[in-house]
Amino acid sequence: MRVDDKSRILGKVVSVAAGKLVVELHSGSDNFTIVGFDDVHYVATLGSYLLVAMQSDHVVLEVVGLREKDSGSERLRSTEMDKVSSVKYLDVVPVGSMPIRAGSFKFGVSSFPPLYADVLYARDADLDRIFNVEREPEDRTQLDANGVSRPGTVPYTIDIGTSSVFKGYPVKADVDALFGGHLAILGNTGSGKSCTVASMFQSVFMKPLTHSAAGASFIIFDVNGEYRRALDELHPWILSMYQKATEPGLQIAEPSPSRNAQEVTERFVLPHWFMTVDEWALLLRASDKSQLPALRTALGLTSLFHTPQPEADILEGEQPDKAELDKLRNHVLAKTILAIFNDDSSTPSKADRITGLLNAFYTVDINMDVVRAGLFVDFGQFRDGVKSSRSTNYEALLTLINGFVSDDITLPAYQNFPFTFEKLQASLNLALYYEEAHGNKQIRDYCSSLVTRLQSVVDNPDYEFLRAKTPEEGAAEAEASSYVDRLLGLQYLDGRYKKKRQICVVDLNDASDEIVELASSVVARLIFDRMRRADPRNKMPVHLILEEAHRYISERPSRFAIDAAQTFQRIAKEGRKYGVFLIVASQRPSELSKTVLSQCNNYIIHRIQNPDDLSQIRQMTPFISDTVLTRLPSLPKQHALIFGNAVNIPTTFRVRDATPTPNSNDTQIRDLWYVPADPKLEW
């Protein structure tokens, strides 16, 4: 043992067990206070650290309990305990080790200290190594967007707060570890989760370094409308886009003179043709047996009859030319028309159905003019039954149409070409006719609820954000990649991508749970698909901040809308490889998807009091001592426990102040209730 270590010995290990050690302090230490050569050390604080020298390493011990016992002196027979002569004990648990002379702290121990080993108090230099705050920012020279070489500094860590145990001591988190994996921020309502989220991205952007975080991308699903205010004082180069899901109209707001951050405000639009078949099925609650196949066929028909003619692949595994596409269209129309002609309904009913069908879908070979000519008379007369339906021209028409029916036809797959809701409704009607043509006469009855639900989505104003105009109407992006690029602030100029925005806030405050679930899941899936196809991949990390995540990443999906948990579970499991990360904030961890929680690399836990939520945290954190977890129900507001690979050791800390704070302040009941009385007021 080194000479300076001997001067800070405070006691010896007197008991060793698998889960806990006991340290007996040397006699004469009044009130657990140790006078060292460098300072006065009060070691009776739960959560403080001690050291034991073992060969070339120091084992780090955390104080989890303290007690004292009368020494039994014959001199003292009163009922009062002699504070000086009493024996004082500290209950401690080993939490990690670090080299004696220099080196990093490592969480976990492989061997326990022996009996009667000397125990040392921790100096500030030891705390620096334990908390990993001694690393200075790295000097680096990089090329800026214009290709100019610029020197500067890049931080290894960001400030997240100050220690709850060591007064004023900074708590920092490793940038790569904290944002290079998924993060869960959990706690009861009012415990400070929103301020923690705001404080974290403010720490990222407000660092006074020459190298700014211009490459960052945060997408915030703001279900409570809290975060717009928290962006007000970011650096001038931060451009944020604020989108509302249910706000009517389109607004472009110029930045006010008091703001540094430029801000664009517009109505949130999610083109419906970006949704997958499964997302449509879950939105419309399509049953697996009958409704899902009909919906799949309808969506495929929107691709088959897409206008202008699609040049892309709309058949799985094939690249059909225009002739092949026309053959498919003619087959679908011919099969349907023949089924209508040959059913038992009246002639006027047949005419109405064929008219509606050919007004929505037609080809050069099969259209209203062809049908009129084949019936020899005006189609309106056919509808009224003036002429015999068995005329020579009628038989020729049937022969002509029957010639377009083909065998072994594979219907097209849904390929996300732009289409209107009216086109989807017509396609669903055509799909039901097509199924009836194949002998499934009851399909329309089976799908009546599906048709009704689709109509309700069309009529419901809350789904206005889905009803984007098609490109032909002068509107939204036809390609999902360009839509995602706009959300991420990417702009393709002069053969390269440039970053124009770092934060996008999607305000879902006015949206129902169903809409929140739908919008968050589809946007997250689009971003994930875009990052999976990026080349080179994993070069532009994207962080999705999911507020009130239990509403749409539930362990028990509601099934009344899209099952968003499936999308986020895949991102949780595979997102790291592509640079897509989740920051999950929730007040009910017991209701969150266990798959998503289990994939988080770091956790920030605020006050939690619900027994089910505490049990969930205990299950996902087996390496955290019970002593630490028992403090969670009594944590003050704005205090939290952080653990994971972003910090060396589980730490209770006071979260750094968010400036400005999000719009999540507590209601001041006393100030709002008790106002100056009006003497003129009569009751």
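Residues numbered from 1 in each chain as written. Predicted model: local features only at pLDDT ≥ 70, side-chain atom pairs only at ≥ 80, totals over all residues. Heavy atoms only, no water.

Asker: What is the right way to look at the packing of helix α15 (residues 480-488) against helix α16 (residues 513-532) in this model?
Answerer: The N-to-C vectors of α15 and α16 enclose an angle of 100°; their axes lie 10 Å apart at closest approach. Judged by the angle between their axes, α15 and α16 are roughly perpendicular. Here α15 contributes Ala480, Ser481, Tyr483, Val484, Asp485, Leu487 and Leu488 to the contact with α16, which in turn contributes Val523, Leu526, Ile527, Arg530 and Met531. (Axes fitted to C-alpha atoms, helices over the stretch in contact; angles between N-to-C directions. Helix = DSSP H or I, 4+ residues; strand = E, 2+ residues; numbered from the N terminus. Parallel < 35°, antiparallel > 145°, perpendicular 65-115°, else oblique. Contact = heavy atoms within 4.5 Å.)

Asker: Quick question: what am I supposed to make of the packing of aromatic side chains here?
Answerer: Geometry of an aromatic ring pair is reported as the spacing of the ring centres plus the angle between the planes. Per the counting criterion, the structure on display carries 18 aromatic pairs. A ring pair is formed by Phe179 and Phe218, whose centres lie 6.3 Å apart and whose planes are at 85°; its orientation type is edge-to-face. Of this pair, Phe179 sits in helix α3 (residues 175-179) while Phe218 sits in strand β15 (residues 218-222), placing them 39 residues apart in sequence. The buried category is assigned to Phe179, whose relative accessible area is 10%. (Phe/Tyr/Trp six-rings, centres within 6.5 Å; stacked < 30°, edge-to-face > 60°. Buried < 20%, exposed > 50% of the residue type's maximum accessible area, 1.4 Å probe, protein only.)

Asker: Help me understand the pattern of salt bridges in this model?
Answerer: Any two side chains of opposite charge can pair, given that their charged atoms come close. Counted according to the given criterion, the structure contains 18 salt bridges. The partner of Glu464 in a salt bridge is Arg467, with the nearest N and O atoms 3.2 Å apart. For Glu464, a relative accessible area of 37% corresponds to the partly exposed category. Between Arg588 and Asp613 there is a salt bridge, with the nearest N and O atoms lying 2.9 Å from each other. Of this pair, Arg588 sits in the loop between β22 (580-586) and α18 (594-598) while Asp613 sits in helix α19 (residues 611-620), and the two are 25 residues apart along the sequence. (Salt bridge = Lys/Arg side-chain N within 4 Å of Asp/Glu carboxyl O.)

Asker: For this particular structure, what's the right way to read the confidence of the model for the protein chain?
Answerer: Close inspection of predicted coordinates is inappropriate in any region flagged by low pLDDT. Mean pLDDT over the protein chain: 79, with 77% of residues reaching 70 or higher. Between residues 309-319, whose pLDDT stays under 50, and residues either more than four places distant or in other chains, the model counts 24 contacts. (pLDDT = per-residue confidence, 0-100.)

Asker: Where do I start with unusual backbone geometry in this structure?
Answerer: It is generally the case that most residues other than glycine have a negative phi and that most peptide bonds are trans. The peptide bond linking Asp535 to Pro536 adopts the cis configuration, its omega dihedral lying at 0°. When you line up the elements, Pro536 lands in the loop between α16 and β21 (542-546). With phi around 55°, Gln55 is a residue other than glycine that occupies positive phi space. Within the secondary structure layout, Gln55 lies in the loop between β5 (49-54) and β6 (57-69). Despite not being glycine, Asn416 shows a phi value in the positive range, around 60°. Looking at where Asn416 falls in the secondary structure, it is placed in the loop between α11 (392-402) and α12 (421-437).

Asker: Is there a simple way to think about the environment of Thr363 in this case?
Answerer: Mapped onto the elements of the fold, Thr363 is located in the loop between α8 (347-360) and α9 (368-374). Residue Thr363 is classed as buried on the basis of its relative accessible area, which comes to 9%. As a C-alpha pair, Thr363 and Lys327 span 36 residues in sequence and 9.8 Å in three-dimensional space. Residues in contact with Thr363, not counting those within four places in the same chain, are Arg329, Asn330 and Leu333.

Asker: Would you mind showing me how to read the nonpolar core here?
Answerer: The tendency in soluble globular proteins is for nonpolar side chains to be buried side by side. Counting residues in each nonpolar core, the largest one holds 115 residues, and the members touching the most others are Trp280, Leu544, Leu546 and Phe568. Here this core takes 11 residues from α16, the largest share from any one element. Once you skip the residues sitting within four places of it in the chain, Trp280 turns out to touch His272, Met275, Leu295, Leu299, Tyr414, Phe419, Phe421 and Leu424. Grouped together as the second largest cluster of nonpolar side chains are 34 residues, Ala216, Tyr227, Ile545 and Ala658 included. (Core = buried A, V, L, I, M, F, W, Y, C linked by side-chain atoms within 4.5 Å.)

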